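What the coordinates show
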Amino acid sequence: MTDIQMPDQLWTQPAINDAALGVSADVEQIQRIRIPAAVRYDYVPGLATTRFLRGLANKEILGERCQTTGEVYVPPRGVSPIDGLPTVEQVKLPHTGSVSTFCVVHIAFGTNAPPTPFCTALVLLDGAAVSVYGPIQEIDYDKVRIGMRVEAVWVEDDQLDTSFENIKWWRPIDEPDVDPELLKGHM
Amino acid sequence: MRDVAIVSVAQSVHRRSARELNEVEMIQPVIRQALDQVGVQKGEIDFTCSGSSDYLAGQAFSFVMTLDAVGPTPPISESHVEMDGAWALYEAWVKIQTGHADTALIYGYGKSSPGDLPRVLSRQLDPYYYQPLWPDSIALAGLQARLMLEQGLITEQEMAEIAYRSREAAKTNPHAQLQGSQSVEELLAQPRSYDPLARHDCAPITDGGVAIVIAAGEKAAKWCSRPAWIRGIDHRIDSHNLGARDLTKAPSIGIAAAKAGVHDGPIDIAELHAPFTHQEKIIRTELGLSDEVVVNPSGGPLAANPMMGAGLIRLGEVAQRIHSGEANRGVAHATSGLLLQQNLVAVLEGE
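Anyway, here's the lowdown on the structure attached to this text. (Residues numbered from 1 in each chain as written. Chains lettered and ligands numbered in written order. Predicted model: local features only at pLDDT ≥ 70, side-chain atom pairs only at ≥ 80, totals over all residues. Heavy atoms only, no water.)

1. Some remarks on empty space enclosed by the protein
In total, this model carries two cavities of 30 Å³ or more according to the counting rule given. Forming the boundary of the largest cavity are Asp42(A), Tyr43(A), Val44(A), Arg77(A), Leu21(B), Asn22(B), Glu23(B), Leu56(B), Ala57(B), Gln59(B), Lys111(B) and Pro114(B). Looking at side-chain class alone, the lining of the largest cavity contains six nonpolar, two polar and four charged residues. Approximately 50 Å³ is the volume found for the second largest cavity. Looking at the second largest cavity, the residues that line it are Gln11(B), His14(B), Asn173(B), Ala176(B), Ser298(B), Gly300(B), Ala303(B), Ala304(B), Ile313(B), Arg314(B) and Glu317(B). (1 Å grid on protein atoms, 1.4 Å probe; cavity = no way out; pocket = protein on both sides within 12 Å on 5 of 7 lines; lining within 4 Å. Points joined across faces, edges and corners; volume = space filled by probe spheres on them. Nonpolar A, V, L, I, M, F, W, Y, C, P; charged D, E, K, R; others polar.)

2. Concerning the interface of chain B and chain A
Taken residue by residue, the interface counts 31 residues in chain B and 27 residues in chain A. The contact between chain B and chain A buries some 2,300 Å² in all, and 56% of this surface belongs to carbon and sulfur atoms. One salt bridge in this structure joins Asp42(A) and Arg19(B), with 2.9 Å as the shortest N-O distance. Those elements that provide at least two residues to the side of chain B that touches chain A are α1 (23-37), α2 (54-57), α5 (117-121) and α10 (251-260) of chain B. (Contact = heavy atoms within 4.5 Å. Buried area = accessible area lost by both parts, 1.4 Å probe. Salt bridge = Lys/Arg side-chain N within 4 Å of Asp/Glu carboxyl O. Helix = DSSP H or I, 4+ residues; strand = E, 2+ residues; numbered from the N terminus.)

3. What about the pattern of salt bridges?
Residue and element names in this part refer to chain A. One pass over the structure, following the stated rule, counts 30 salt bridges over all chains. A salt bridge links Asp-142 to Lys-143, with the shortest nitrogen-to-oxygen separation between them at 3.8 Å. On the basis of relative accessibility, which here comes to 51%, the residue Asp-142 falls in the exposed class. Since its relative accessible area comes to 47%, Lys-143 is described here as partly exposed. (Buried < 20%, exposed > 50% of the residue type's maximum accessible area, 1.4 Å probe, protein only.)

Dropping the structure here:
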């Protein structure tokens, strides 16, 4: 590169004219200012996720099926990651599933977090290809295990909204654990 | 250098708000069309690269969700630029030059409707000196236009003529958001809503996207009867410090044009990424285009300006005119950032 002219003094600091500083000598020096910045968005979840959220208001968990493999995605985004084609068939999923992985939380965050320590998990709903996220309650946190069978615990019917928070938590059900090998690849 | 060509182009029917769709629902049909036009089978694309911005979606890692549209399972070789998709095409072109790929899918898209676009665009400025002042993209363009008018580098008449010519040309573009224009005289009588800019001087706010397939050598010839060969491509930047720039110029365009070999042959058409009327004059001047060159036969960004896609669309519009035989040698320009700060120039040829 020889045809690009760099301006003079690119790598040196030019001398500063501080003549004006004397005038403001008795002004309080500012070390730090805070300038809040915010941009507002009018968020729209899209067609498939809107169907999903509206289903939740009716206490239904709606996944959508891949045309090629038949796998069901939940929450649906509208397109299958396998074939890149729209998911067109809605599938009503049961409210039961298996813990595919979990984590014990020792530091509380957010406003609705349960008392620590508590357990959050990915739950593979029966018939779904990917897991959903939620806290596990009604069992000691150190008794949770991969393959454990759980069901959704919903808010009261008069509290139902178009929100995944309709499901307060997941609790164990009295069924034998599933083989963790069967949960591989379904995080 | 390996011969690489644009072999397929698809874009959305651009509109002010694709409100009902999320980003992946918006771009999926466009990607599908670009692949189907050349009959690409799954696994035949060696590299995928996209351009988009979380600031438009108001959502972190938003590009990851749109990846569903390319069927990324089992895993694919993929990358993303937080710039216009034209720079994604550049990355893909480099990948092919290095021999790591023979084919690539590139897409760029923007859903600007969820936010207040001129304010969102101000977040591209440096965070210490400019961002706290919230100068929006139209206000800054107004400063630039004012400088040009006062220095006699452009007239309001010329600006109105650019607006008129662009939106009249868009009448034949089925993807355009704005088609047709009032007469130049009527435009000149419009209020200067953003003095000295009038509404017609500004690109519309657009939701939409574009997808392009490029391929090397024999593969390009197999997929397209008349590929648009990328004979030169280069991108350069001017300072992000607006106070350090002469805003009436964008020397980085001239450098990129020289490196891309714009003047190594006659030019039939040019598609220029000028979101404001006066900026077309700057780009034209920096590229050194003669008066005979047809500029923005598609209508350009003044007819549809999907953020992060409008630059890549310029390459697509030139390529499609080469595919059809309407043009043989064309120049495409893409810009990113504010006031033509970052610029990419490509030369496409049919022969």
